[in-house]
Amino acid sequence: MPDEIVSKTRRKKDMLELQSLGAALVALSAAHLARMSLPEALAGAVHEARQLSSHGARRRQLQYIGRLMRELDAGPIRAQLAAVHGGSAEERARHQRLEHWRMRLLEDDGALTEFAVAHPGGDLQQLRALIRSARREQAEGRPPRAFREMFRVLREAAGD
């Protein structure tokens, strides 16, 4: 008995869905794209699409990306995109944990010791300097440069 027959409408819908997935890959920042594990041909096609400025050329390149993705299992790529966009519950929980640590570190001096015990690989001296700078920024009403940098350092120390 032959495999289930798929209608032309269904095939077209699947192709358009893969093209939109490819468009989401093209829209990612270079840093996020570098962290994703994509096959070499697909990564090259995405990189090339990012370079194109002509609408028609970009559209054709997105169609090509969709065709490449038909030969792959798109599930892992969808999961990686969901993690990048914060769509996964695990990603949101990790982000909230780090945000909680950042607020505790700004409010309580003893929290740095707790963080050092929980995450022994962190650069405490850099973190201590960022805490002081972030507190100063908040007091003076300046832009939160150290506050944001603190989140990046916490993420690295936590191994995320």
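Whatever comes next refers back to the structure up there.
The structure contained in this document is the topic of the report that follows. Residue positions within a chain follow its written sequence, with the count starting from 1. Local features in a predicted model are, by the rule used here, given only for residues with pLDDT of at least 70; side-chain atom pairs are given and counted only at 80 or more, and totals for whole chains, interfaces and linings are based on all residues. No hydrogens and no water enter the side-chain calculation; it runs on all heavy atoms of the structure.

### A closer look at the packing of aromatic side chains
- Working definition: a ring pair exists when centres of Phe, Tyr or Trp rings (six-membered ring for Trp) sit within 6.5 Å. Plane angles under 30 degrees give stacked, over 60 give edge-to-face, the rest tilted. Applying the stated criterion across every chain yields a total of one aromatic pair.
- A ring is considered to have a charge above it if a Lys NZ or an Arg CZ atom is located within 6 Å of its centre and within 35 degrees of its normal. Over the ring of Phe147 we find Arg102, and its NZ or CZ is 3.8 Å from the ring centre.

### Quick word on the nonpolar core
- Judged by nonpolar contacts, the single largest core of 19 residues is most densely connected at Leu25, Leu42, Ile65, Met69 and Ile77.
- Residue assignment for this core shows that the elements contributing at least two residues are helix H1 (8-27), helix H3 (40-51), helix H4 (55-70) and helix H5 (75-84).
- Leu98, Phe115, Leu127 and Phe151 belong to the second-largest nonpolar core, a separate cluster that totals 18 residues. By nonpolar core is meant a set of buried Ala, Val, Leu, Ile, Met, Phe, Trp, Tyr and Cys residues that side-chain atoms within 4.5 Å join together. Using a 1.4 Å probe on the protein chains alone, a residue whose accessible area is under 20% of its type maximum counts as buried, one over 50% counts as exposed, and one in between counts as partly exposed. In this text, helices come from DSSP runs of H or I with a minimum length of four residues, and strands from runs of E with a minimum of two, each type numbered from the N-terminal end.

### Focus: the environment of Asp14
- You can see Asp14 is positioned in helix H1.
- Sequence separation between Asp14 and Gly66 is 52 residues; the distance between their C-alpha atoms is 9.4 Å.

### Things to note about the packing of H1 against H4
- Between H1 and H4, whose axes approach to 8 Å, the crossing angle comes to 115°. Here H1 lies roughly perpendicular to H4, going by the angle between them. When the axes of H1 and H4 are compared, the crossing they make is right-handed. Residue-level contacts link Met15, Leu18, Gln19, Leu21, Gly22, Ala23, Leu25 and Val26 of H1 to Arg58, Leu62, Gln63, Ile65, Gly66, Met69 and Arg70 of H4.
- Just so you know the grouping, Ala, Val, Leu, Ile, Met, Phe, Trp, Tyr, Cys and Pro go in nonpolar, Asp, Glu, Lys and Arg go in charged, and all remaining residues, Gly too, go in polar. A breakdown of the residues in the contact of H1 with H4 according to their chemical character gives nine nonpolar, four polar and two charged. Angles here are taken between N-to-C directions and fall from 0 to 180 degrees, while the axes themselves are lines fitted to C-alpha atoms, restricted in helices to the stretch in contact. By definition in this entry, angles of less than 35 degrees are roughly parallel, angles greater than 145 are roughly antiparallel, angles of 65 to 115 are roughly perpendicular, and the rest are oblique. Crossing chirality is assigned from the near helix's rotation relative to the far helix, an anticlockwise turn below a right angle marking it left-handed and a clockwise turn marking it right-handed. By the convention used here, residues are in contact when the closest approach between their heavy atoms is within 4.5 Å.

### Looking at the pattern of salt bridges
- Definition used for salt bridges: Asp or Glu carboxyl oxygen within 4 Å of a side-chain nitrogen of Lys or Arg. In total, this model carries eight salt bridges according to the counting rule given.
- With a closest N to O distance of 2.5 Å, Glu99 and Arg102 form a salt bridge. Of the two residues, Glu99 and Arg102 are both situated in helix H6 (residues 89-107); the distance of three residues between them amounts to about one turn of the helix.
- Take Glu99: its relative accessible area is 24%, and that puts it in the partly exposed class.
- In this structure Arg102 comes out as buried when scored by relative accessible area, which is 8%.
- For the salt bridge of Glu114 with Arg104, the shortest nitrogen-to-oxygen distance reads 2.4 Å. Here Arg104 lies in helix H6 and Glu114 lies in helix H7 (residues 111-118), a separation of 10 residues in the sequence.
- Accessibility expressed as a relative area gives 39% for Glu114, which makes it partly exposed.
- A residue is classified by how much of its surface remains accessible, and Arg104, at 23% relative accessible area, is partly exposed.
- Because the salt bridges share partners, they merge into one network encompassing Glu149, Arg152 and Glu156.

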